[in-house]
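Chain by chain, the residues:
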Amino acid sequence: FLTFGFVPGPMTPLAGARKLMPGQSLIVEAGRARTEEYWSYPEPSPIEMSLDEASERLLAGLEESVKLRLMSDVPLGVMLSGGIDSSLIAALMARHMSEPVKTFSVGFAEAGRGNELADARMVASEFGADHHELELSFGEHAVDLAELVWAMDEPLADLSSLGFFALSELAASEVTVALSGQGADELLGGYRKRVAEARKTLA
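Residues numbered from 1 in each chain as written. Predicted model: local features only at pLDDT ≥ 70, side-chain atom pairs only at ≥ 80, totals over all residues. Heavy atoms only, no water.

1. Looking at the overall build of the protein
- A tally of helices and strands in the protein yields seven helices and six strands.
- The dimensions of the protein, computed from C-alpha atoms along their principal axes, are 55 × 50 × 45 Å.
- Taking all 203 residues of the protein together, the buried fraction comes to 24%.
- Sequence separation of 24 or more characterises 59% of the internal contacts of the protein that already satisfy a separation of 6 or more.
- Accessible surface, the protein as shown: approximately 14,800 Å² in total, 57% of it carbon and sulfur.
- The centroid of the 16 positive side-chain charges in the protein is displaced by 7 Å from the centroid of its 31 negative side-chain charges. (Helix = DSSP H or I, 4+ residues; strand = E, 2+ residues; numbered from the N terminus. Buried < 20%, exposed > 50% of the residue type's maximum accessible area, 1.4 Å probe, protein only. Contact = heavy atoms within 4.5 Å. Areas by Shrake-Rupley, 256 points an atom, 1.4 Å probe, with all protein chains shown as cover. Lys, Arg positive; Asp, Glu negative; His and termini not counted. Charge placed at Lys NZ, Arg CZ, Asp CG, Glu CD.)

2. Here we look at the sheet that holds strand β3 (residues 76-79)
- Taken together, the four strands give an open sheet; going across it, the order is β5-β4-β3-β6, and neighbouring strands pair in parallel fashion. Each edge of the open sheet carries a strand with a single partner, namely β5 (130-136) and β6 (177-179). On average, adjacent strands in this sheet sit at an angle of 30 degrees to one another, irrespective of strand direction.
- Pairing between β3 and strand β4 (residues 102-108): three bridges, direction parallel. When the sheet's bridge partners are listed, Val 78 is paired in β4 with Thr 103.
- Packed onto the sheet, helix α2 (residues 84-96) meets β3 and β6 and runs at close to 155 degrees relative to β3.
- Helix α5 (residues 160-172) contacts β3, β4, β5 and β6 of the sheet and is inclined by roughly 150 degrees relative to β4. (Pairing = 2+ DSSP bridges. Axes fitted to C-alpha atoms, helices over the stretch in contact; angles between N-to-C directions.)

3. As for the packing of helix α1 (residues 51-70) against α2
- Between α1 and α2, the shortest axis-to-axis distance is 10 Å and the interhelical angle comes to 60 degrees. Classed by the angle they form, the pair α1 and α2 counts as oblique. Taken as a pair, α1 and α2 cross one another with a handedness that is right-handed. Facing Leu 59, Leu 62, Glu 63, Val 66, Lys 67 and Leu 70 of α1, the residues of α2 in contact are Leu 88, Ile 89, Leu 92, Met 93, Arg 95 and His 96. (Parallel < 35°, antiparallel > 145°, perpendicular 65-115°, else oblique. Left-handed = near helix turned anticlockwise from the far one by under 90°.)

Next up, the structure:
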């Protein structure tokens, strides 16, 4: 935890307790427990295509994914940061919904240029969204830390969890399901460290 700011799986902070890894299930039989892999990430098989074709296929996949999640009988919304990922999801939702998309955003007053509320507001306005936002301050006890710790299950040294917890509460007051752009940086290599790795590989 002190090295990474989180406890990597399958380890946990508790002695004798382990996490299930992705694609694993826990089988308990005759008083004994074992883990079993039910799915593994498929081996990548590169396909030659142009940048335009790759862009079209990516957008088509995202659109299909969003449309599938709109088939719901409960209120839907989107957690909108104003960045590319969540803004694209909001745009795709707006394309396929008959009523205004409900958008939810959070920012910190002390974040300065890092406060993305203005960007989120602009995107929401562009698509005629029913926009909701919340501005927090590090100086105020806007988030109940005891509740946050309970929800997190284990320590995580990332201040974004404060905002995400408050954002989740805000969204839950209006909708049952909220889409987000979480995971896109991991999938598409959006972090700066990925850019550095790519440059090192090409060199």
